[in-house]
Structure formats: C-alpha cells, structure tokens
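Secondary and tertiary structure notes
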Amino acid sequence: QVQLVESGGGLVQAGGSLRLSCAASGSIFTINVMGWYRQAPGNERELVAQKSTGGSTNYADFAKGRFTISRDNAENTVYLQMNSLKPEDTAIYYCYLLHYESTSLRDYWGQGTQVTVSS
C-alpha cells in the first residue's frame, strides 16, 4: 500500500504563486511516476504535470511556462511550483503515484488540496 499526503494549497490572488508538496510513503517501487491532476467544479479531472524517477516530464498546455514540477526521489516527494496563477487555476489538486506491483500497474491518489485564485 502507498499513502500520499499533500500540502501547500490555499488562497492566493491572481498573479501570485503557490507551491504544492506531496509525500509518498509505503511500499513504493523504485521506478515510478508522480504527478498532479486537478479538478474544478463541473469539470473532469485533468493532468497538470507528471515526472518519472528517470526525469521524464510531462506538462499540460495550460501549465507550460507557469508551473514547474520537481521531485526528490530519495524522499518520494513531488512538488508543484505554480506561478502567475489565474482564477481559472482554481481547483482541487490531487497528487498521484503510478508504479508496478508485480506485473500490475497501480495508481494511488492523495486526498486533494484546494487551490483558490481570486481575481
């Protein structure tokens, strides 16, 4: 089992910054992907950014140039630095981890952290 604990959400004015953190614990395979999704009211959950232990990184178009994902592999922690925030970035941000358990690909999710950007 894997547990994910997020922190760092909150209320910020448009143009401001926030840094989200997510710490994973439990039985984690050395090779994995960690990242962030978000879900705004009435919308589907969407990928924000993800990063593998090998360094491969993926960003949603809306995140490119404003958000930066980083991770500490030794600590199984992933971060999301969000700059130039816009009201449309308001959502619950979920951390996730994807790895293999035996031959099965498994995903785990955090409880979510609210990010609210005021105009």
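Residues numbered from 1 in each chain as written. Predicted model: local features only at pLDDT ≥ 70, side-chain atom pairs only at ≥ 80, totals over all residues. Heavy atoms only, no water.

A look at the state of the cysteines
- Applying the stated rule across the entire model yields 1 disulfide.
- For Cys22, the disulfide goes to Cys95, at an S-S distance of 2.0 Å. Where Cys22 bonds to Cys95 through sulfur, the torsion about that S-S bond is close to -80°, and the disulfide is left-handed. One end of the pair, Cys22, is in strand E3 (residues 18-26); the other, Cys95, is in strand E9 (residues 91-101), with 73 residues separating them in the sequence. Like Cys95, Cys22 is buried. (Disulfide = S-S within 2.5 Å. Helix = DSSP H or I, 4+ residues; strand = E, 2+ residues; numbered from the N terminus. Buried < 20%, exposed > 50% of the residue type's maximum accessible area, 1.4 Å probe, protein only.)

Brief notes about the pairing of E9
- Across 8 bridges, the pairing between strand E4 (residues 32-39) and E9 is antiparallel. Bridged to Trp36 within E9 is Cys95.
- Pairing geometry for E9 and strand E11 (residues 113-118), over 3 bridges, is antiparallel. By the bridge assignment for E11, Ala91 is matched with Val115.
- From the end of E9 to the start of strand E10 (residues 104-109), which pair antiparallel, there are 2 residues, and Ser102 there has a positive phi angle of about 60°. (Pairing = 2+ DSSP bridges.)

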